[in-house]
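Coordinate analysis (summary)
Letter by letter, the chains look like this.
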Amino acid sequence: MKAVILSGGFGTRLRPLTINTPKSMIPVLNIPFLEYLIKRLKSHKVSDIALAVSYLAEPIKNYFGDGSRFDVKLSYTVEEIPLGTAGAVKNAGGFIDEPTLVFNGDVFTDLDLTDMMENHKRNKAMLTIALTPVEDPTSYGLVETDSNNRILRFLEKPSPDEITTNMINAGTYILEPEVMSLIPAQTNCSFERDIFPLLLRNKEDVFAYPTDCYWMDIGKPENYFQVHYDLLNGKSNQYHFNNGRKKMVTGTNCIIHPSARISGTVVIGNNCIIGQDVKINGPVVIGSNCQISNYSIIDDSILWNSVHVEPLAKIKHTIIANDCHIGSGSIIEQAVLGNNTIVGYGKHIKAGQLVSPNTIVS
Ligand code: GDD
Ligand code: MG
């Protein structure tokens, strides 16, 4: 089987993070999101994978290269200007010469791809869309079906008064190659707003594949936290937190002061230093090469790599990207800090703040 993964869009809701890091490379428990997806594809015997990238292709290429490290064949198509979800797939050219999987590159799910493909073939479908239930469909694509799972209507980002079902587009599709002829070349075109409604108007065989397996779009700060909580609580079959035995997992070369108090579930990368009387109240994830200095408190937060927290700082329900420096005695609550942020001594970053990369808060 073949797959195309979409990696584009600016990820406006995670903006301080996605200015330097494409959404698909955002770490989930210290591992790039895309690594989970590629390993899952491999486990379903999908090893010919095209990445349709509209911005920041280099970090993806640098990490995954030609895919050989993951025993898959990876190719890249890079858009000069974003072409939209369908335009990006069209840009992959002749790659789609058989029924092909297409993935939004920001959805963490346990969807059974082999079963979905069998379903697609059994229905002789032109297009199959995976569906998942959500509480509030307004941020997603609403999908109405009949009792045979034939799709009747597709409505992207419905307003509250347009909600007729809680089933939404889960961001995984199987396309027959014929669909490609409906997508204009080198033109911005959306599956959700243009091609899916067009297929339905043309009365093509468009089927749903509904499941209630684990599913989360990581593209909002709260969802990004939630995927961490869920994985640490064993809700996905793609991550087994230390086989449920211990509450803390550390990488290599970490120095944790014996007086540090660590509670809840905590994941720490390599080469980290945790100082005297530091409190870490999980769920907390700390990347590699981080230093948490004496008497600081880290509570329910996600720190990426090379974050230096000076003494007596308090960090709560916050995401801190790479290479940030947090001054002593500062207090940061419910914030998102982009790469290379410097927070001065004793500063207070209040709830809801999104701090752009390279900002100096002084
Ligand atoms: N290459 C490329 N080019 N990729 C793109 C482009 C583009 O111009 N625009 C968006 N993408 C990628 C994004 O990076 C993401 O992986 C995926 O397409 C979906 O875009 P989002 O911006 O994350 O859309 P959304 O989350 O608001 O809605 C989509 O996903 C929902 C499920 O999470 C839609 O497909 C909804 O219908 C769906 O319910
Ligand atoms: Mg999304």
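Residues numbered from 1 in each chain as written. Chains lettered and ligands numbered in written order. Predicted model: local features only at pLDDT ≥ 70, side-chain atom pairs only at ≥ 80, totals over all residues. Heavy atoms only, no water.

1. A short note on the coordination of the magnesium ion (ligand 2)
Here the magnesium ion (ligand 2) is held by Asp 106 (OD) and Asp 217 (OD), and the distances to it run 2.1 to 2.4 Å. Here Asp 106 is found in the loop between strand 6 (100-104) and strand 7 (107-109), whereas its partner Asp 217 is found in strand 13 (residues 215-217), with 111 residues between them in sequence. A relative accessible area of 15% places Asp 217 in the buried class. (Donors = N, O, S within 2.8 Å, 3.2 Å for Na, K, Ca; no water. Helix = DSSP H or I, 4+ residues; strand = E, 2+ residues; numbered from the N terminus. Buried < 20%, exposed > 50% of the residue type's maximum accessible area, 1.4 Å probe, protein only.)

2. Thoughts on the side chain of His 317
Structurally, His 317 is set in the loop between strand 25 (314-316) and strand 26 (319-320). Side-chain polar atoms of His 317 contact the side chain of Asp 300, separated by 2.8 Å. Discounting residues that sit within four places of it in the chain, His 317 has contacts with Glu 222, Phe 225, Tyr 229, Asp 299, Asp 300, Ser 301, Gln 334 and Ala 335. (Polar contact = N/O pair within 3.5 Å; in protein donor to acceptor, adjacent residues only side chain to side chain. Contact = heavy atoms within 4.5 Å.)

3. As for the layout of surface pockets
Its boundaries defined by the atoms lining it, the largest pocket holds a volume of some 850 Å³. In terms of lining, the largest pocket is formed by 38 residues, of which the most central are Lys 23, Thr 85, Asn 104, Asp 106 and Glu 192. For the lining of the largest pocket, the elements supplying multiple residues, two or more each, are strand 1 (2-7), helix 4 (84-90), strand 11 (167-175), helix 6 (191-201) and strand 13. Of the residues that constitute the lining of the largest pocket, the class distribution is 10 nonpolar, 18 polar and 10 charged. Looking at the second largest pocket, its volume works out to about 490 Å³. (1 Å grid on protein atoms, 1.4 Å probe; cavity = no way out; pocket = protein on both sides within 12 Å on 5 of 7 lines; lining within 4 Å. Points joined across faces, edges and corners; volume = space filled by probe spheres on them. Nonpolar A, V, L, I, M, F, W, Y, C, P; charged D, E, K, R; others polar.)

4. Topic: the packing of helix 2 (residues 33-43) against helix 3 (residues 57-64)
Taken N-terminus to C-terminus, the directions of helix 2 and helix 3 make an angle of 55 degrees; their axes are 11 Å apart at the nearest point. Relative to helix 3, the element helix 2 is oriented oblique. Handedness of the crossing formed by helix 2 with helix 3: right-handed. Between helix 2, through Leu 34, Glu 35 and Ile 38, and helix 3, the contact on the second element is made entirely by Ile 60, Tyr 63 and Phe 64. Of the residues that constitute the contact of helix 2 with helix 3, the class distribution is five nonpolar, no polar and one charged. (Axes fitted to C-alpha atoms, helices over the stretch in contact; angles between N-to-C directions. Parallel < 35°, antiparallel > 145°, perpendicular 65-115°, else oblique. Left-handed = near helix turned anticlockwise from the far one by under 90°.)

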